Amino acid sequence: MNIEVKRSKRKSISIYIKDAKVEVRAPYLVHLKDIESFVFSKLDWIKSNLKKQKENKSKEKNLEVAPLKQIEILGNVYTFQIHNLSKYKFFNDLILIPENYNKEDFKLFIRKFAKKYLKNRVQELANFYGFNYKSISIKDTKTRWGSCSSKNNLNFSYKLMFCNSDVVDYVIIHELSHTKQKNHSKKFWELVENCCPDYKYKKLYLKQHNYYVLW
């Protein structure tokens, strides 16, 4: 198992897994033995996530070489179908794709769809719950579903499109709540819960569906 330790001015130890590599981030003053003890306590979790990443890489490869598969977008299942088109297109429960399909073009197609969907949905939820924000950006993030800047600019991962729509709403509400509370304090979670009473189940869903974070 490849484990790399990085130290910084952080307050706690955390573990990040990417590309079959385990990165431990720890404060400068934490003793190495304490870091080793922390990693050992999380060993089952690390092994489980490494296994998931390996399986997800295999799924991604299969999608690349055999696009006539099904994929779930906002909780709806679509089937890829090759068509005599120059562009990707939704058609009922199909995604029509050109014969020269490639993953990067498909990602761009979903990203454009995400931009339109998220901008509309963020505006709807902000109006309904009384939030104010400055701007929205759609990004290809690797480890985060969304974020809110100090100036209330909202950023979202286009990969949210691979989650259920109610989970997407939770992520939007989460980031909108940061326009009023910039931390994850008790007041912040009370604000989230007021808009999304079952947010804990949505958080669990995101942890269990981390394949598309790596996609």
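Calculation notes
Residues numbered from 1 in each chain as written. Predicted model: local features only at pLDDT ≥ 70, side-chain atom pairs only at ≥ 80, totals over all residues. Heavy atoms only, no water. Phe/Tyr/Trp six-rings, centres within 6.5 Å; stacked < 30°, edge-to-face > 60°. Helix = DSSP H or I, 4+ residues; strand = E, 2+ residues; numbered from the N terminus. Buried < 20%, exposed > 50% of the residue type's maximum accessible area, 1.4 Å probe, protein only. Lys NZ or Arg CZ within 6 Å of the ring centre and 35° of its normal. Axes fitted to C-alpha atoms, helices over the stretch in contact; angles between N-to-C directions. Parallel < 35°, antiparallel > 145°, perpendicular 65-115°, else oblique. Left-handed = near helix turned anticlockwise from the far one by under 90°. Contact = heavy atoms within 4.5 Å. Pairing = 2+ DSSP bridges. Salt bridge = Lys/Arg side-chain N within 4 Å of Asp/Glu carboxyl O.

Enquirer: Honestly, the packing of aromatic side chains in this entry has me stumped. Any pointers?
Expert: Both the distance between ring centres and the angle between the ring planes are used here to describe each pair of aromatic rings. Inspection of the entire model under this criterion finds 13 aromatic pairs. With 6.3 Å between their ring centres and 25° between their planes, Phe-113 and Tyr-117 make a pair best called stacked. Separated by four residues within a single helix, Phe-113 and Tyr-117 lie in helix α3 (residues 103-129), roughly one turn from each other. With a relative accessible area of 23%, Tyr-117 lands in the partly exposed category. Geometrically, the ring pair formed by Tyr-158 and Phe-162 is edge-to-face, given 6.5 Å between the ring centres and 70° between the ring planes. Its relative accessible area of 1% is what places Tyr-158 among the buried residues. We classify Phe-162 as buried; its relative accessible area is 4%. These aromatic residues form a ring-pair network of at least three members: Tyr-78, Phe-80, Tyr-88, Phe-90, Phe-106, Phe-109, Phe-113 and Tyr-117. Its guanidinium or amino end placed over the ring of Tyr-16, Arg-25 lies 3.8 Å from that ring's centre, counting from NZ or CZ. Taking NZ or CZ as reference, Lys-180 lies 4.8 Å from the ring centre of Phe-131, over its face.

Enquirer: Is there a simple way to think about the packing of α3 against helix α4 (residues 165-177) in this case?
Expert: Between two packed helices, what matters for the description is the angle formed by their axes and the separation of those axes. It is the contact of α3 with α4, at a shortest axis distance of 10 Å, that shows an interaxial angle of 60°. In terms of orientation, α3 lies oblique with respect to α4. For the element pair α3 and α4, the recorded crossing hand is right-handed. Residues Tyr-117, Leu-118, Arg-121, Val-122, Leu-125, Ala-126 and Tyr-129 of α3 touch α4, and the partners they reach there are Ser-165, Val-168, Asp-169, Ile-172, Ile-173 and Leu-176.

Enquirer: How do you make sense of the sheet that holds strand β1 (residues 3-8) when you look at a structure like this?
Expert: Within a sheet, adjacent strands bond to each other through the backbone by hydrogen bonds, running parallel or antiparallel. If you walk across this open sheet you meet the three strands as β1-β3-β2, and the pairing is mixed. The sheet is open, and its two edges are formed by β1 and β2 (14-18), each paired on a single side. Going from strand to strand, the sheet's axes swing by 25° on average, the running direction of each strand aside. With six bridges connecting them, β1 and strand β3 (residues 21-27) associate as parallel partners. When the sheet's bridge partners are listed, Val-5 is paired in β3 with Val-24. Along the sheet, helix α1 (residues 32-41) contacts β1, β2 and β3; its crossing angle with β1, the most-contacted strand, is approximately 130°.

Enquirer: Explanation requested: the pattern of salt bridges in the structure shown.
Expert: A side chain of one charge can pair with a side chain of the opposite charge when the charged atoms of the two come close. With the rule as written, the count across this model stands at nine salt bridges. Residue Arg-25 pairs with Glu-23 through a salt bridge whose shortest N-O separation is 2.4 Å.

Enquirer: I would appreciate a short explanation of the sheet that holds strand β5 (residues 76-82) in the present structure.
Expert: Strand order in this open sheet of four strands is β4-β5-β7-β6, and the pairing throughout is mixed. In this open sheet, the two edge strands, each paired with only one partner strand, are β4 (70-73) and β6 (89-91). Taking the axes of each pair of neighbouring strands and ignoring which way they run, one obtains an average angle of 35° across the sheet. In the sheet, β5 pairs with strand β7 (residues 94-97) via four bridges, with the strands oriented parallel. Looking across to β7, one finds that Thr-79 is bridged to Leu-94.

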